Amino acid sequence: MTVANLKTKQIYPGDGVRRVWEIPFPFIRAEHIRLWRVDARGRAVEKTAGFTVDETEKEVTYPVEDSLELPLQAGEYLVLERQTPLTQETDLKRQTALDAQGLEDALDANVLRAQELAEGLSRALKFPVQTQGNETDAAAYITQLTDVQASALSACGQAEQSAQQAADNAALCAQTAQESARLAVDAKAQVAQFQPQIESAKNAALQAQTASESAQAACDESRRQCVSAQQVCAAAQEQTAAAQADVAASAQSVSTQAAQVQTLAAQSATAAEQAQNWASKTDGPVEGNVYSAKKYAQEAAQSAQNFRGLSIGQVVLSQSNLATDNPGCLPLWTGEYYTNAVALYPDFYTWVKSHPELCKTKAEYDAAITTYGECPYYVADEVSGSLRLPKLANYIKMANSTEGITQKGAGLPNITGSIDPYVDMNRNWSGAFSVNKTAPFNPAGTSGNGNGSHVMFDASKSNAIYGASDTVQPAHTTLYPWVCAFNAAVPASTAQAAEFTAALADKANADLSNATPAQSFINKSMAWGVPDYSAGVAVACPYTAPTAGLFVAFCTSGVDYITFGGVDIGMRFSANNHAAVFVQAGDEVQVAGTGPATCHFFPLKGATNA
C-alpha cells in the first residue's frame, strides 16, 4: 500500500450515545490500534479490553454492549492511536526471488514507525540548538523541576483547600435550604447555580496539578532530549503563578456567592418554620381546624393501639357516639353516605359486596325509610364505589337462624275480654272488662231493682304493656350501634391523609385572605360535601337557617320567587317546579309570589349551628 496519510491518531468527543468510531489512518494489524478513555478532568486511562477492531470496515466499536461500560459522556474523549511494533519480520533469503509485497509491507511498516516517532517528538520539549552537551546536567534540571513541582503542589493544595471550604459552605447552605421543604426550593436552585464556580476552582487546581505532572514527565524525557531546564522552569513558574491567581479569584467569587446563598437561606427561615409546622406540629392546628401530618399520623397510631380485635362487618353496641371511642367503626344510626368508600374502606366494601342479602337498591332503601323510619340494609354502587350505611333507629329484635334479618312495622298484642249481658253484671267478666254495680238510677223505660252495673274498659288489665308509654315502645336500653369497617390503622390513616391532602390543596389553590363571605362559604361548602338528603325537614317561611345548608322550595300553583336576606335574587319558578339556594347559618330566606310553596331545608355535612 502507499502511505500518503501522515495522521497517526484521532481524538473523538463523547455524546453519551456513540459506540462506533472510524479509524482515519492506515494500520497493518488490528492489534496495532491502542485506545484511551479521557475523563472530563483530563485523566486518560488506556483500555485493553471492552472494544473490537474491524480491519475490513476500519472502525472500532467501544464500548461493546456486553462490557457493562457506559458510552462516552459529554466532556469525555476517546483517543485512537496507532503503535507499530519496533520489530522487523521480513526475512530475505540468499539466492531467492524478492517478494515485492513483502518488501512493500516492510517499507510501509518503517514509514508508519517514522510517522509515529515524529508525532511523539512533536509533543516533546527540546534544548535550543546552540546547547552544548555539557550543559544538559540532568541532576540540576531535576532539582529545578522538583522545586517547581513543590511550588505547584503547594498552590494546588491551597486551591483545593479553598475550594473544599467553599464547597463545604455551599453544602451547608444547601442543607439549610433543603429543610424548608417545597417553600425553599428556590434557595436550593440558587445553590445549584453556584456549583459551576466551585467546579471552576477545583478545575483550576487540577490544571495546576496537571501542569506539575507534565513538568515531571518532561524531566524523565530530558535524559535523552535536549531541553533547556531554565526555560522549562520559567515557564512552569509562570503557569503556577497564573494558576494561583485564577484559583484565588475563583475562590473569592465562590466565597462571595456562598455568602449570598446563606443570606437567601436565612430569608427562607420563616417559610421553613411554617413548612415544619405543617409536617410535625402536634400542640394544636396549623391553620384553622387543619392539623399537621404528624398529628394525623399520631391519631392513626392511637387508633391502631385502641384496636379491639373486631371482625370486618361486626356490629357492636357502644355507650359513646364518638369515633375516637370506637376505632375502626362507622356509625349505623345516621345512614351515612360515603362517595369513595371503595378507596377509603376497601376491605369493608368487599365484605358488603360479598353479602348480597344485606344489600338493597337506593329505591328500596328510600322506601324502607319512608315506611319504617329506618333501613337495616346497605346500598353499594359498584360504578361509583359509593356506599350508604344502614340507618338503625328503632327497637332491634334478636334474629334467629330461620327468620334472618327482616323488617316489620310496629304492632301490639290483641285486647280481649268478656262480660255476660245481665242487668246486674257484677259477675262473669274477664280480660279488659270490669264492672261497678253502683248505678244511681234506672234509665227511663227500663225496669229493675236499681242495682245496675257500670261497665268499664282498661287495656292494662289484659296486658301490662298498655299504658306504660305514650307511644309504641318496647322495653329497651339506648346504645349506639357501630359496624367494624377496618381492624388496622391503615384505612384510618388513609382517610385522614386524604382529608389532610384536600386541606393543603385548598390552601395552595385558593387564597381566601381577601375573599368575601360568600366566596369563603362556597369553598367551605364544597369541602364539606353534599347534604344528607335523608335529613331534610319541612320549614315555613320566612325561614332563618340554623346552619349552612340547602333551602329547597316547590311551587304548587302560580309563579313564585325567592328573596335572600330581603333581596329578590331573580329566580322565578312556576307550578310543579323546584328552586334551591345554598344558605349560611343565620340567613333569612323567603318565598314570595302568586302561589303557595312547600319548603324543605337540608343541613350540609359538617355544618355547625350559628
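Shown above is the structure to which this text applies.
Residues numbered from 1 in each chain as written. Predicted model: local features only at pLDDT ≥ 70, side-chain atom pairs only at ≥ 80, totals over all residues. Heavy atoms only, no water.

The antiparallel open sheet is built from 3 strands, whose spatial order is β10-β12-β11. Every interior strand has two partners, whereas the edge strands, β10 (337–338) and β11 (379–381), have only one. Where β10 and strand β12 (residues 386–388) come together, 2 bridges link them in antiparallel fashion. For Tyr337, the partnering residue across the bridge sits in β12 and is Arg388. (Pairing = 2+ DSSP bridges. Helix = DSSP H or I, 4+ residues; strand = E, 2+ residues; numbered from the N terminus.)

The strand order β2-β6-β5 describes an open sheet built from 3 strands, whose pairing is antiparallel. At either end of the open sheet lies a strand with only one pairing partner, and these are β2 (20–22) and β5 (52–54). With strand direction ignored, the average angle separating the axes of adjacent strands in the sheet is 25°. Sheet analysis places β2 next to strand β6 (residues 59–61), joined by 3 bridges and oriented antiparallel. Paired with Trp21 across the bridge in β6 is Val60. (Axes fitted to C-alpha atoms, helices over the stretch in contact; angles between N-to-C directions.)

Another point: the pattern of salt bridges. Per the counting criterion, the structure on display carries 12 salt bridges. Overlapping salt bridges bring together Arg37, Lys47, Glu69 and Glu76 as one network. (Salt bridge = Lys/Arg side-chain N within 4 Å of Asp/Glu carboxyl O.)

As for its position among the elements, Thr48 is in the loop between β4 (44–47) and β5. Of the residues examined, Thr48 reaches a relative accessible area of 73% and is grouped as exposed. Through-space distance from the C-alpha of Thr48 to that of Leu35 is 7.5 Å; in sequence the pair is 13 residues apart. (Buried < 20%, exposed > 50% of the residue type's maximum accessible area, 1.4 Å probe, protein only.)

Judged by side-chain charge, Glu31, Asp54, Glu55 and Glu57 come together as a negatively charged surface patch. Position of Glu55 among the secondary structure elements: in the loop between β5 and β6. On the basis of relative accessibility, which here comes to 41%, the residue Glu55 falls in the partly exposed class. (Patch = residues over 30% accessible without salt bridge, like charges linked within 9 Å, V, L, I, M, F, W, Y side chains within 5 Å. Areas by Shrake-Rupley, 256 points an atom, 1.4 Å probe, with all protein chains shown as cover. Lys, Arg positive; Asp, Glu negative; His and termini not counted. Charge placed at Lys NZ, Arg CZ, Asp CG, Glu CD.)

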